[in-house]
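# Understanding the architecture of this molecule
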Amino acid sequence: MPTAMLNGTMPHRAVTTENPERVVPLAPRVVEYLCGQCELITTARLHTQAPIPQLWPCRRCRTGAECTIEPDESAELIGVLAASKVPPRKSHWDHLRERRTDAELEALLTKRLDLLRSGRLHAGPTRS
């Protein structure tokens, strides 16, 4: 038995049967995971002898994406983080709506558009 298997690690290279003198790297196993929240497919490159986990963190929302093939029962859940306690970032519009009512925002927009149309508000850099 190879020494890598004896100490619990997985080998990263293999000897070819046609030519025992030639050592080739093992190609990784590509496994796809489908996120139920944002419906994005995340691919994971796993070692050929590694167990396939049921869940993998989604690359967009970081929630647990489910394996699209039959996972190994003995595999542990890998890298799935608990839900973040930090609230999602607010947009500029969200901050405006917290400070002003819709009527105030409408009046402000009308006033600024009138200034822009009359030429009393700088519209941005001009090209010459």
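Residues numbered from 1 in each chain as written. Predicted model: local features only at pLDDT ≥ 70, side-chain atom pairs only at ≥ 80, totals over all residues. Heavy atoms only, no water.

### Re a nonpolar patch on the surface
- A cluster of nonpolar side chains, namely L109, L113 and L116, defines an oily patch on the protein surface of about 230 Å² accessible area.
- L113 sits in the partly exposed class, given a relative accessible area of 30%. (Patch = residues over 30% accessible without salt bridge, like charges linked within 9 Å, V, L, I, M, F, W, Y side chains within 5 Å. Areas by Shrake-Rupley, 256 points an atom, 1.4 Å probe, with all protein chains shown as cover. Salt bridge = Lys/Arg side-chain N within 4 Å of Asp/Glu carboxyl O. Buried < 20%, exposed > 50% of the residue type's maximum accessible area, 1.4 Å probe, protein only.)

### What about the confidence of the model for the chain?
- Mean pLDDT for the chain: 75, with 63% of residues reaching 70 or above.
- The weakest mean pLDDT in the chain belongs to helix α1 (residues 3-6) at 43; the strongest belongs to helix α3 (residues 102-118) at 93.
- Low pLDDT, under 50, characterises residues 1-7; the predicted model gives this stretch 5 contacts beyond four residues in sequence or across chains. (pLDDT = per-residue confidence, 0-100. Helix = DSSP H or I, 4+ residues; strand = E, 2+ residues; numbered from the N terminus. Contact = heavy atoms within 4.5 Å.)

### Details of the state of the cysteines
- Taken as a whole and assessed by the stated rule, the structure comprises 0 disulfides.
- The thiol sulfur of C35 is not disulfide-bonded, and the nearest other cysteine sulfur, from C61, lies at 3.5 Å.
- Of all cysteine sulfurs, the one in C38 lies closest to C58, which takes part in no disulfide; the gap is 3.5 Å.
- Using a relative accessible area of 0% as the deciding quantity, one classes C58 as buried. (Disulfide = S-S within 2.5 Å.)

### Things to note about the environment of E66
- Within the secondary structure, E66 sits in strand β6 (residues 64-67).
- Taking relative accessible area as the criterion, E66 reaches 47% and is therefore assigned partly exposed.
- Measuring from C-alpha to C-alpha, the distance between E66 and P53 comes to 8.8 Å, with 13 residues separating the pair along the chain.
- Excluding its chain neighbours within four sequence positions, the residues that come into contact with E66 are E32, Y33, L34, Q54 and L55.

### Some details on α3
- For α3, with 17 residues, the first-to-last C-alpha span of 24 Å sits near the 24 Å given by 1.5 Å per residue.
- Just beyond α3, the residue with positive phi is G119, at close to 90°. (Expected span 1.5 Å × (residues − 1).)

### Let's talk about the sheet that holds strand β5 (residues 55-57)
- Spatially, β4-β3-β6-β5 is the arrangement adopted by the 4 strands of the open sheet, whose pairing is antiparallel. Edge strands, defined here as strands with exactly one partner in the open sheet, are β4 (41-46) and β5. Each strand axis lies, on average, 45° off the axis of its neighbour in the sheet, ignoring direction.
- Pairing analysis gives 6 bridges linking strand β3 (residues 29-34) to β4, with the strands arranged antiparallel. Bridge assignment links V31 to a residue of β4, and that residue is A44. (Pairing = 2+ DSSP bridges. Axes fitted to C-alpha atoms, helices over the stretch in contact; angles between N-to-C directions.)

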